[in-house]
Amino acid sequence: STMLEWQRTAFHFQPEKNWMNDPNGPLFYNGWYHFFYQYNPNGAVWGDIVWGHAVSKDLINWFHLPLAMVADQWYDKNGVWTGSATILPDGKIVMLYTGSTTEAVQVQNLAFPANHSDPFLIDWVKYHGNPVLVPPPGIYKKDFRDPTTAWLTSEGKWRITIGSKRDKTGISLVYDTKDFINYEMLEGELHAVSGTGMWECVDFFPVSKTEEKGLDTSINGPEVKHVVKVSLDDDRHDYYALGTYHEKNGSWIPDLPEIDVGIGIRYDYGIFYASKTFYDQNKNRRVLWGWIGEGDSEAADMEKGWASLQSIPRTILFDNNTGTNLLQWPVEEIESLRLNSTEFEKVEVKAGSVVPLDVGPGSQLDIIAEFEMDKEALKKATGSNITFSCQTGGGAAKSGALGPFGILVLADESLSEQTPVYFYIAKDSDGDLKTFFCTDLSRSSKAPDVDKQIFGSYVPVLKDENLSLRVLVDHSIVESFAQGGRTVITSRIYPTEAINGASRVFLFNNATETCVIASVKIWQMDSAFIRPYSDDDDKD
Ligand code: DQQ
């Protein structure tokens, strides 16, 4: 396992060992951020799921705490599955989670902190009357899971939604409750999309159309849009859509039917699943957590003794400039890990060239880059009637008129291993430009048994905007954000040579008809403190 030690990350949340999956019940309480997660205490593969628990002052440095909940009741014997927290007006916390029963029926259970004055909320009590919800008539017993955070209706009731399916139609059921014990199912669904299959980990929350801040889940009104996010069990990606919530019947309608939830926009075009937001009342923001799996083999995971990471928590805002997407951005606290920086101003990257950026070891970095385009070249370039996509576009090695260009990370000196994060501007035969943001894993590793896909998608670019990206590199993970977080790609990278001190950064331009001017700032990143809490640590 020492051979693979370099894969462990320096500033991404991960347990000391074993398997982790979905984020659960994130919340801010009494000065601490709490993070719970799906955890297998017995190995590096999914199974025997219980709730892991950690606390932090800043979402970056963490204390691991004892397991919050284990599978010790008939109603969760088969697994303490995903759930969400709700903070009541009196400050008390209720946790709703899915249990898989001794008979593998998915039911919803209620839990509370045993002692609200313990700042670490170490002990959790399961409600004696659990389960509080069982699959309703017509719903298969294994298709009823992952309750959301509750929000208030104008009548003063709490409302939650729970993902399910009918035949191949993904749906989200809606329930009202006054006490989290007794529930009334609404007649209609929050939403349904045919052909999308089981909806896991549904998330539902408001975003402000007018202010750059997050909103408590119960906020509603004309200044607000509502987001629905679903995790599609069938294709393992998280899709969201913007729309309008109708409180009366508990339904939600997407703004644009062609970008409905489950068929339109993804949070992330790489590896990112089962995500969940929470409202951070400490900083008036909405924060997104997402589970990032591995792209190596199960055998490798067992050898290294762990599997999965969590994304750097992301602040979520409505993108007022486009009106069609959210913006995701690493929480500002990550910047506290920035060490020395190197700046490269207005570097000319000619068509067909590679430019080394000398920043020292490239395995823990925060990179921001902006690319100025040659406007004349954009005008003159030849169009094509072939529709570009990152997946079919031939990767970073394939030249086009106006791309690809961008940055190579986790590259060795000789470029025998490299992970290009790049833009590609496609011009169609009518002369219209469309920009794509991609990450090409095809040359990221010489190992035979790791994921080598090409990830990416369209990124909205407004008139007169330069192209910009941010990349967080942390050993075996690369998280990339284009245009302020309009399009995001997270990838897991397993080089054999471009590791630790041997990894480098380059600019590249494989376009044939344009040069780009790049301005880049790169910080070395410190490691975060992520370790078990011990009695020597001062609680305050
Ligand atoms: N993971 C949990 C389920 C959820 C799935 C089980 C999503 O509650 O539907 O570990 O990854």
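Every chain is numbered on its own, with residues counted from 1 as its sequence reads. Local features are withheld for residues below a pLDDT of 70 in this predicted model, meaning they are given only at 70 or higher, and side-chain atom pairs are given and counted only at 80 or more; totals for whole chains, interfaces and linings count all residues.

Under an unreviewed UniProt entry, the name given to the chain is beta-fructofuranosidase, and the source organism is Gossypium raimondii. UniProt positions are given in the numbering used here, feature names are shortened, and annotations may be inferred rather than shown by experiment. As its UniProt record puts it under Pathway (unreviewed entry), the chain is described as follows: "Glycan biosynthesis; sucrose metabolism." Recorded in UniProt for the chain, the comment headed Sequence similarities (unreviewed entry) runs: "Belongs to the glycosyl hydrolase 32 family."

Accessible area lost on assembly of the parts is the figure often given for the size of an interface. An automatic or database domain assignment supplies the start and end points of every domain. Here the chain is described as being made up of domain 1 (20-330) and domain 2 (339-525). Using only C-alpha atoms to locate each centre, domain 1 and domain 2 end up separated by 32 Å. This entry defines residue contacts through backbone-placed C-beta atoms, with two residues in contact when those atoms are within 7 Å. Across the contact, 23 residues belong to domain 1 and 23 residues belong to domain 2. Of the residues assigned to the side of domain 1 that touches domain 2, the class counts are 10 nonpolar, 9 polar and 4 charged. Put simply, Ala, Val, Leu, Ile, Met, Phe, Trp, Tyr, Cys and Pro go in the nonpolar bin, Asp, Glu, Lys and Arg in the charged bin, and everything else, Gly too, in the polar bin.

Let us look at the sheet that holds strand 4 (residues 62-69). Strand pairing in a sheet takes place through backbone hydrogen bonds and is either antiparallel or parallel in direction. What the 6 strands build is an open sheet, ordered 21-1-2-3-4-37; its pairing is mixed. Of all strands in the sheet, those bounded by a partner on one side alone are strand 21 (306-307) and strand 37 (530-532). Paired strands, in this sense, are two strands between which DSSP finds at least two bridges. What counts as a helix is a DSSP run of H or I of at least four residues, what counts as a strand is a run of E of at least two, and both are numbered from the N terminus. Pairing between strand 1 (residues 18-29) and strand 2 (residues 32-40): 7 bridges, direction antiparallel. By the bridge assignment, Trp19 is partnered in strand 2 with Asn40.

It is worth spelling out the confidence of the model for the chain at this point. Summary statistics for the chain give a mean pLDDT of 97 and a share of 99% for residues scoring 70 or more. What the predictor reports for the complex is a pTM of 0.98 with an ipTM of 0.99. Along the chain, pLDDT gives the predictor's confidence residue by residue, from 0 to 100.

Note on terminology: a nonpolar core is a set of buried residues of type Ala, Val, Leu, Ile, Met, Phe, Trp, Tyr or Cys, with members joined through C-beta atoms within 7 Å. Burial is judged by counting the other C-beta atoms within 10 Å of a residue's own C-beta: 20 or more makes it buried, 12 or fewer makes it exposed, and any count in between marks it as partly exposed, with every C-beta position built from the backbone. Formed by 152 residues in total, the largest nonpolar core has its most connected members in Val228, Tyr240, Ile407, Val409, Phe423, Phe436 and Val471. For this core, the element with the highest residue contribution is strand 28 (residues 402-411), accounting for 7 residues. Here this core gathers at least three residues from each of two domains, domain 1 (20-330) and domain 2 (339-525). Setting aside its immediate chain neighbours within four residues, Ile407 contacts Ile367, Ala369, Val421, Val471, Val505 and Leu507.

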